[in-house]
Amino acid sequence: MKQTLLDQKALQTKVTGDQVTAKEKWLGYLLGPAGALLLNAVLATYLNVYYTDVLKLTTVWGGAFLVVFPIVSKIIDAITNVAMGYIIDRTRTREGKARPWLLLSAPLLAVTGILLFTVPNASETVQVVWVMVSYNLFYSFAYTIFNMSHNLMVPLSTRDTTQRGGLSVFNQIATIMMSGILVALVFPMVIMPALGVDQGKWIALMSALSILALPLTLLEYFFTKERVTLENQAAGEDSSVPFAKQFKAIFSDKYMLLIYVYFLVYTAGSCVKNISLPYFCNYVLGTYNDGVTQTMVSAIGGIPMGIGIFAVWPLAKRFGKRNVTLAGFILYAVGGAVCWMFPHSMVMVLVGQFIKNTGGLPCAYVFMALFADVLDHMEWKTGFRSDGLAMSVYNIIAVAMVGVCTGIFNGWLAGAGYVAPEMVGGVTQAVTQSPAVQRIITFGFVGLEVFTGIILAVLLVFLSVEKDIEKKQEEIKVRRDSK
């Protein structure tokens, strides 16, 4: 981004103070990201349904297309994430190093989001090419730019751990509102039964959501501020630390490696669960788009997320972010086990989901604050910040798991003999899936996270970065002031 462009008053942040304000929390961290997060939440749950049920791509290349294409696409995405991390670390403007890229991402999200669904009614080859190109334009380009910048807002907003924790909670409320209320409740009850497998209706809806992301992303840009970046710039910190030096610093630090492994395991379980959710509700627990089953599962299971807004941060402040999250994952595994033992019982699935989501609360609300502690620890240890590169690795894990898990799940479906629904006389008709397909879907939705919950609890035993983080932050300040 050119300095002259961001020097214009109209493009400058509306946040001017050194302390985090209520306006910053509500507009920059809650409302601003909501558009892009809503779009991404819908895609995470339903884009694969669009490919399998609307476009009927399950059998393309003998079932291999929907297995191979997501994985290959995420290799491209991984490369662009590294490139974006490199660029952010070397961006130096009065508006910060990450925020300027939010400005660029706003129109890109709108355009590429629409292209994902406007697949022409043409030959199989044309459709396959369109899907591959549009998917990578959105995920490897537009959403990479947004997500890298958006995820750095909390770590770069302030060094005050209390204020940063509050921003992390607000940031996560936006995610929960979009995925836990609109996508999990409204979509299965109202939207999906109305859409069926009608491509025209899918295009209209997703175009509207894509366009909505534009003004809201601009709101995030205008009502956030990179105080940490600006402090370091004022102290004359060099923003051109060699890439190899940053790379070595990140991958030789035990806390950074631990938090990456932790995030990888958590994301793998969550991705498979999200992809499996509509299939589980349609073919195992309920009937196809019945408008009730998925709403019930999401509503009862999601109640703890609302309660957690008020409970998690006080608990984390008293007992520590790591300790509360560790205890939560034990509950997480127990709840998943309850669901797995009784997958056809609505009552037991709802009980299990409630227990499981209660256990997942700490991770959902405080993870980014914990990640920010690791970034500050890295600065204390090395003498320089590596935010862009560190976040690019984080994003690579996030996007790679989406592709890998989508490919694996689609491979499971194809191998077990999944049969897509048909449109007959303007009405969507679905078949009863075989026991093999139902077992695969059940493991994806409730079984896998029993194992990931146990693994995550063990990993957190060793992630003790926060115990002396305030002392390290004070040493950073003294070091910076002495320059």
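Asker: Before we move on, could you go through the state of the cysteines and cite the residues and values that matter?
Answerer: Counted under the stated rule, the structure contains zero disulfides. No disulfide involves Cys-339; its sulfur sits 11 Å from the nearest other cysteine sulfur, which is in Cys-281. A relative accessible area of 0% means that Cys-339 is categorised as buried. Sulfur of Cys-405: no disulfide; nearest cysteine sulfur belongs to Cys-271 and is 4.9 Å away.

Asker: Outline the pattern of salt bridges, listing residues and values.
Answerer: Within the structure shown, the criterion is met by 18 salt bridges. The partner of Glu-449 in a salt bridge is Lys-356, and the shortest N-O contact between them spans 2.4 Å. In this pair, Glu-449 is assigned in helix H16 (residues 435–460) and Lys-356 in helix H14 (residues 346–382), connecting sequence segments 93 residues apart. Taken as a pair, Glu-449 and Lys-356 share a single burial class, namely buried. One salt bridge connects Asp-376 with Arg-385, and the closest N-O pair in it is separated by 2.8 Å. With relative accessibility at 0%, the residue Asp-376 sits in the buried group.

Asker: I'd love a proper account of the packing of aromatic side chains, names of residues and values included.
Answerer: One pass over the full model with this rule turns up 38 aromatic pairs. A centroid spacing of 5.7 Å and a plane angle of 80° characterise the contact between Tyr-283 and Tyr-418, whose relative ring orientation is edge-to-face. One end of the pair, Tyr-283, is in helix H11 (residues 254–285); the other, Tyr-418, is in the loop between helix H15 (387–416) and strand S1 (422–424), with 135 residues separating them in the sequence. Like Tyr-283, the residue Tyr-418 is buried in the burial classification. Feature note: the residues Tyr-50, Tyr-51, Trp-61, Phe-65, Phe-69, Phe-117, Tyr-135, Phe-138, Tyr-139, Tyr-143, Phe-146 and Trp-202 constitute an aromatic cluster, connected by ring pairs. Its end group placed over the ring of Tyr-221, Arg-99 keeps NZ or CZ at 4.4 Å from the ring centre.

Asker: Describe H14, naming the residues involved and giving the relevant values.
Answerer: Counted at 1.5 Å a residue, the expected span for H14 with its 37 residues is 54 Å, and the 52 Å between its end C-alpha atoms agrees. Along H14, the helix axis deviates most sharply at Val-366, where the bend reaches about 55°. For H14, the buried fraction is high: 27 of the 37 residues fall into the buried class.

Asker: Any details on the side chain of Asp-77? Residues and values, ideally.
Answerer: With respect to the helices, strands and loops of the structure, Asp-77 is situated in helix H4 (residues 65–89). Take Asp-77: its relative accessible area is 0%, and that puts it in the buried class. Those residues in contact with Asp-77 that lie beyond four places of it in its chain are Tyr-139, Ser-140, Thr-144 and Val-399.

About the cut-offs
Residues numbered from 1 in each chain as written. Predicted model: local features only at pLDDT ≥ 70, side-chain atom pairs only at ≥ 80, totals over all residues. Heavy atoms only, no water. Disulfide = S-S within 2.5 Å. Buried < 20%, exposed > 50% of the residue type's maximum accessible area, 1.4 Å probe, protein only. Salt bridge = Lys/Arg side-chain N within 4 Å of Asp/Glu carboxyl O. Helix = DSSP H or I, 4+ residues; strand = E, 2+ residues; numbered from the N terminus. Phe/Tyr/Trp six-rings, centres within 6.5 Å; stacked < 30°, edge-to-face > 60°. Lys NZ or Arg CZ within 6 Å of the ring centre and 35° of its normal. Expected span 1.5 Å × (residues − 1). Bend = angle between axes of the 7 residues up to and from the residue. Contact = heavy atoms within 4.5 Å.

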